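Reading the structure
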Amino acid sequence: MKVIETEGLTKVYKGGQKPAVDSLDLQIEGGELFGFLGPNGAGKSTTIRMLMTLLRASTGRAFVRGYDVQIKPLEAMQQVGFVPENPGFYHNLTGRQHLNYWAELYGLDRSALATRIKKLLERVGLFEARDKLAKDYSLGMKRRLALAGALLPDPQLLILDEPSLGLDPQGMAFVRSLLVELHQEGRTIFLSSHFLGEVERLCTKVGLLSKGKLIRVDTPRAISQSVSDASELEIETKGVGLTIVEILRKIEGVSRVELDRTLLRISGALTEELIAEINRVLIVNGVSIISSRRQEHSLEDAFLSLTKGEV
Amino acid sequence: MIIGVILALAVLGGTYAVTPGPISPTSVPKFVTYNLTYYPDLNATHPALAAFIASPTGDHLSGINVQLVKETGQRFGPTGTRFQLLQTNGTDSSGWVRFNQLWTSYPNSSLGLVYPDLKGSYFCCVSTAAAISPPYKNTGSATWHVLSLGDSSKETLSLVFTDLTGQPLSSADVLVWRVPNATSLPYPLEKGSPPDGWTLKYKIGTTDSSGFFINPLPYDSWAYLVRVRSVGLNSTFLFGSFYTTPSISGPDTGLTFAAVLFVPTILPIVSLALAYDAISREKSEGTLDLLLSKPVSRLGVALGKILGVVGSLVVPLLIVVFGSAALVWGRAGTAPTGSLVFGLIGSAVYLALAYSLLFLAISSLSRSLGSALLSSVLFFLMFGFFWSLIAVLIANLAGPSGSVGWFQAITIIPLFSPTGVYQQLLSFFISGPVFGPNVSTEAPLQSPLPWIVAAATAWIIVPLFLFAWAMKYRVSQS
């Protein structure tokens with residue numbers, strides 16, 4: 001089942017020349033940890049706001065849990081937990097009072113609510129601070145409170161807008177491990193981020209968004225590999241000469257060879273067979289290999305390459 | 001919260017302060033209001049004026065200044081300024097004052113009496129007599145009198161009947177004959193005998209033990225002939241009459257002040273404080289995103305906001321009104337009129353609802369908290385203060401004071417403000433102007449009923465629609 005689906009979703013802001021989100025066709029399967037990746041201003045938040053009924057699409061449709069968010073907003077939002085980029089809190093309510101208030105909005109059964117809220121507060125590490133005013137929380141605590149609120153209805157779908165933005169490294173680590181945990185429990189998680197590293201490590205699938213358009217959707221590894229023909233092998237050698245460089249250049253699959261004193265840089269379609277062949281040629285020609293390192297191309301390179309440096 | 005308590009205490013205190021204590025015959029307060037009674041029916045056979053002044057409890061008041069004035073040619077008008085002061089006499093120990101030889105001294109003049117020391121509810125009973133000098137005896141005439149009821153439906157026929165010695169005429173039948181074609185009346189007054197058919201079928205009541213009679217008369221004519229008949233007495237009696245727009249006195253004074261002065265000022269301010277940020281603050285502080293992304297309908301959120309704001313206004317309002325009523329009761333010794341208490345509550349709830357909806361609509365349509373506050377304050381100043389001045393301005397442009405155009409403008413323009421609608425609703429429950437120490441209020445002229453209904457409905461429907469529309473299609477949607 002598609003948990004999130006959009007058809008030609010487009011948003012043009014009043015007075016805006018270009019669409020902030022342009023004919024977005026997105027399909028997210030249940031159980032995925034989907035990273036919605038793009039630079040600031042790419043349209044990630046706009047898309048999320050349209051999914052969460054916080055913004056009306058100019059054209060196109062968006063479905064959450066199979067419900068059109070414009071036609072059946074209440075049904076669509078029933079089992080969705082949402083953490084906005086900058087969650088706001090009422091200045092006179094404590095963390096726990098916020099959870100009680102949101103529970104009312106979800107129409108949760110009151111009988112087991114106190115225990116449920118206690119567990120959620122413990123899970124997000126806010127139990128100690130439960131009776132402090134939420135406005136006095138740090139940004140990390142605020143996010144975690146919003147996350148606890150998002151988990152109130154025990155949702156199968158979580159939508160998070162830039163969950164680790166502005167957090168300290170500890171906070172980021174906490175949020176990431178919590179997200180992994182929640183994903184392992186079988187929930188679908190849709191998060192937006194402009195941290196490539198975060199998405200690469202965390203997500204099962206990545207959607208690349210640039211200037212309102214979806215460029216590519218795939219696993220992080222597949223995206224990285226799709227640009228691997230530009231990857232590079234660095235070999236620290238002893239006894240290498242220019243003749244060896246010429247020999248290496250003649251190997252099929254090698255596109256470029258550079259020598260920097262004792263360091264060889266070899267580019268090409270570096271398959272395992274090719275790397276083995278390169279090693280063999282070096283050894284046969286009496287070159288000692290001190291170290292060899294393959295420069296893996298990251299999602300960042302892929303992203304830069306796919307958006308052709310327009311970031 | 002603290003401000004709310006202070007405001008509530010201010011209303012209670014103010015209400016208490018303007019409520020007079022039980023009326024005592026020895027304490028005649030100083031009032032600046034001029035009550036003018038106008039006597040066009042002096043002639044050669046009725047050349048004198050005698051006035052008798054009593055408190056509502058029937059006590060005759062001595063030492064009260066009464067001014068004899070002469071009209072200086074202009075039409076009798078509501079301003080009452082075109083009069084020349086001729087004489088000032090004080091009432092004697094029995095409450096009587098007299099002006100003799102008027103016809104000789106001021107032939108063919110229109111004379112009047114002004115009571116600078118009196119306000120509202122004191123009775124000034126005047127008759128023209130052939131000769132008024134002690135010892136006061138029955139004059140054998142003046143058994144009827146024309147009452148001109150002015151231009152307000154709030155006029156009440158208030159009479160006291162007494163003989164010339166000041167003895168009250170109790171248990172006397174009061175008969176009223178409405179003058180047909182009253183447009184030609186009251187000036188010049190028809191002379192001659194009372195109309196045919198002075199029978200008990202014209203009886204509208206009897207005087208009480210103090211000789212007092214108070215009865216509201218319907219407002220479909222301008223003049224009444226009134227006659228008193230005391231069964232079993234052969235002698236005729238002087239009967240004094242005074243037509244008045246009875247001012248509110250006793251326990252209703254304070255409540256009327258609260259209704260006219262305090263409620264329409266304080267209630268919109270509190271409603272502004274509660275409503276201007278209801279949506280705009282949620283927007284600016286980011287709480288709205290979390291709220292609206294929950295499975296709650298936007299119209300449900302709007303309804304919740306309305307109930308929250310109006311509920312926060314109505315509960316303290318009920319406490320303050322009932323508290324005021326209890327205080328007033330305690331001070332004046334009698335309970336305030338029930339219809340005033342509940343009419344005040346009903347009108348005030350309307351006012352709270354109308355302003356709350358207006359400020360909620362502004363809150364939902366504003367881009368920021370600051371602009372919501374600014375717009376709300378501007379609207380409050382506009383409708384709560386300046387609109388009544390604008391109405392007067394427009395009325396004066398529409399025609400000279402008292403003309404048809406002026407009257408139409410002055411009764412309809414105020415309805416374009418919720419405060420104006422409130423005053424109109426209130427006017428159904430307030431029986432007249434009210435005067436207190438250093439303050440006075442006027443009951444507004446009554447607007448045409450269909451206009452009141454239309455305006456009252458519009459001030460609810462339009463902001464309600466705007467608020468609902470903004471919540472559904474504007475807030476976090478564009």
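In this text, all values refer to a predicted model and were calculated from it rather than measured experimentally. (Residues numbered from 1 in each chain as written. Chains lettered and ligands numbered in written order. Predicted model: local features only at pLDDT ≥ 70, side-chain atom pairs only at ≥ 80, totals over all residues. Heavy atoms only, no water.)

1. Comments concerning the overall build of chain A
Summing up its helical and strand segments, chain A has eleven helices and 14 strands in all. Here chain A, with 311 residues, has 47% of them falling under the buried criterion. Look at the contacts in chain A between residues 6 or more apart in sequence, and 69% of them connect residues 24 or more apart. Within the structure as shown, chain A displays about 14,900 Å² of accessible surface, and the carbon and sulfur contribution to it stands at 49%. (Helix = DSSP H or I, 4+ residues; strand = E, 2+ residues; numbered from the N terminus. Buried < 20%, exposed > 50% of the residue type's maximum accessible area, 1.4 Å probe, protein only. Contact = heavy atoms within 4.5 Å. Areas by Shrake-Rupley, 256 points an atom, 1.4 Å probe, with all protein chains shown as cover.)

2. Describing the environment of Leu299 of chain B
All names here are of chain B. You can see Leu299 is positioned in helix 6 (residues 298–332). Considering only alpha carbons, one finds Leu299 and Phe467, 168 residues apart in sequence, at a separation of 9.2 Å. Every residue in contact with Leu299, bar those within four places of it in the chain, is listed here: Ala468 and Lys472.

3. So, the sheet that holds strand 11 (residues 232–238) of chain A
Residue and element names in this part refer to chain A. Across the sheet, which stays open at both edges, the four strands sit in the order 12-13-11-14 with antiparallel pairing between neighbours. Here the strands that pair on one side only, and so sit at the sheet edges, are strand 12 (254–260) and strand 14 (288–295). Averaged over all adjacent pairs, the angle separating strand axes in this sheet is 20°, with direction ignored. The strands touched by helix 9 (residues 242–249) are strand 12 and strand 13 (263–268); relative to strand 12, the strand with the most contacts, the crossing angle is about 165°. Each of strand 11, strand 12, strand 13 and strand 14 touches helix 10 (residues 272–284); the most contacted strand, strand 11, lies at about 15° to it. (Pairing = 2+ DSSP bridges. Axes fitted to C-alpha atoms, helices over the stretch in contact; angles between N-to-C directions.)

4. Comments concerning the interface of chain A and chain B
Facing 20 residues of chain A, the contacting portion of chain B comprises 19 residues. The largest per-residue losses of area from chain A upon contact with chain B belong to Leu54, Arg56 and Leu105 of chain A, which jointly make up 26% of the total buried on that side. Applying the counting rule to chain A against chain B returns one salt bridge. Notably, a salt bridge pairs Arg49 of chain A with Asp289 of chain B, separated by 2.7 Å at the nearest N-O pair. At the junction of chain A with chain B, the criterion picks out five residue pairs in polar contact (both at pLDDT 80 or more). When contributions to the side of chain A that touches chain B are tallied by element, the ones reaching two or more residues are helix 2 (73–77) and helix 3 (95–106) of chain A. At four residues, the largest contribution of residues to the side of chain A that touches chain B is made by helix 3 of chain A. Residue composition of the side of chain A that touches chain B, by class: 14 nonpolar, three polar and three charged. (Buried area = accessible area lost by both parts, 1.4 Å probe. Salt bridge = Lys/Arg side-chain N within 4 Å of Asp/Glu carboxyl O. Polar contact = N/O pair within 3.5 Å; in protein donor to acceptor, adjacent residues only side chain to side chain. Nonpolar A, V, L, I, M, F, W, Y, C, P; charged D, E, K, R; others polar.)

5. Observations concerning the pattern of salt bridges
Side-chain pairs of opposite charge can arise whenever the charged atoms involved come near each other. Scanning the model with the defined rule gives 24 salt bridges over all chains in all. In this structure, Glu32 of chain A engages Lys205 of chain A in a salt bridge whose closest nitrogen and oxygen atoms are separated by 3.4 Å. In this pair, Glu32 of chain A is assigned in the loop between strand 2 (21–29) and strand 3 (33–37) and Lys205 of chain A in strand 9 (residues 205–210), connecting sequence segments 173 residues apart. Taking relative accessible area as the criterion, Glu32 of chain A reaches 12% and is therefore assigned buried. Note on Lys205 of chain A: relative accessible area 23%, which makes it partly exposed. Residue Arg281 of chain B pairs with Asp277 of chain B through a salt bridge whose shortest N-O separation is 2.8 Å. Of the two residues, Arg281 of chain B and Asp277 of chain B are both situated in helix 4 (residues 277–285); the distance of four residues between them amounts to about one turn of the helix. On the accessibility criterion, Arg281 of chain B (23% relative accessible area) is partly exposed. The class of Asp277 of chain B is buried, set by a relative accessible area of 16%. Ionic contacts of the salt-bridge type, sharing partners, join the residues Arg123, Asp154, Glu181, Glu185 and Arg187 of chain A into one network.

6. So, the packing of aromatic side chains
For the coordinates displayed, the defined rule picks out eleven aromatic pairs over all chains. By the ring-pair criterion, three or more aromatic residues cluster together here, those being Phe379, Phe383, Trp387 and Trp459 of chain B. The ring centre of Phe127 of chain A lies 5.4 Å from the NZ or CZ of Lys118 of chain A, which sits over that ring. Lying across the ring of Phe174 of chain A, Arg144 of chain A places its NZ or CZ 5.1 Å from the centre. (Phe/Tyr/Trp six-rings, centres within 6.5 Å; stacked < 30°, edge-to-face > 60°. Lys NZ or Arg CZ within 6 Å of the ring centre and 35° of its normal.)

7. So, the sheet that holds strand 1 (residues 2–11) of chain A
Residue and element names in this part refer to chain A. Spatially, four strands are ordered 2-1-4-5 in an open sheet, and the strand pairing comes out antiparallel. Each edge of the open sheet is held by one strand with a lone partner, namely strand 2 and strand 5 (67–68). Pairing between strand 4 (residues 59–64) and strand 5: two bridges, direction antiparallel. Along strand 5, the bridge assignment pairs Phe63 with Asp68. Each of strand 1, strand 2 and strand 4 is contacted by helix 1 (residues 44–51), which is oriented at about 115° to strand 1, the strand it contacts most.

8. Let's talk about a nonpolar patch on the surface
Among the surface-exposed residues, Leu373, Leu374, Val377, Leu378, Leu381, Met382, Phe385, Phe386 and Leu389 of chain B lie close enough to one another that they form a single nonpolar patch of about 780 Å² accessible area. Its place among the elements puts Leu374 of chain B in helix 8 (residues 369–398). (Patch = residues over 30% accessible without salt bridge, like charges linked within 9 Å, V, L, I, M, F, W, Y side chains within 5 Å.)

9. Re unusual backbone geometry
Residue and element names in this part refer to chain A. At Thr53, a position not held by glycine, the phi torsion is positive, near 60°. Inspection of the secondary structure puts Thr53 in the loop between helix 1 and strand 4. Of note in this structure, Glu162 is not a glycine but carries a positive phi near 50°. Its place among the elements puts Glu162 in the loop between strand 7 (157–161) and helix 6 (169–184). For Glu162, a relative accessible area of 3% translates into the label buried.

10. Here we look at the confidence of the model for chain B
Looking at chain B as a whole, the pLDDT averages 70, with 56% of positions reaching at least 70. Counting interchain partners and residues more than four positions distant, the pLDDT-below-50 stretch residues 23–38 of chain B has 45 contacts. (pLDDT = per-residue confidence, 0-100.)

11. Quick notes on the environment of Gly268 of chain A
Residues and elements named next belong to chain A. If you trace the backbone, Gly268 turns up in strand 13. Take Gly268: its relative accessible area is 2%, and that puts it in the buried class. Taking the C-alpha atoms as reference points, Gly268 and Leu233, separated by 35 residues in sequence, lie 8.6 Å from one another.

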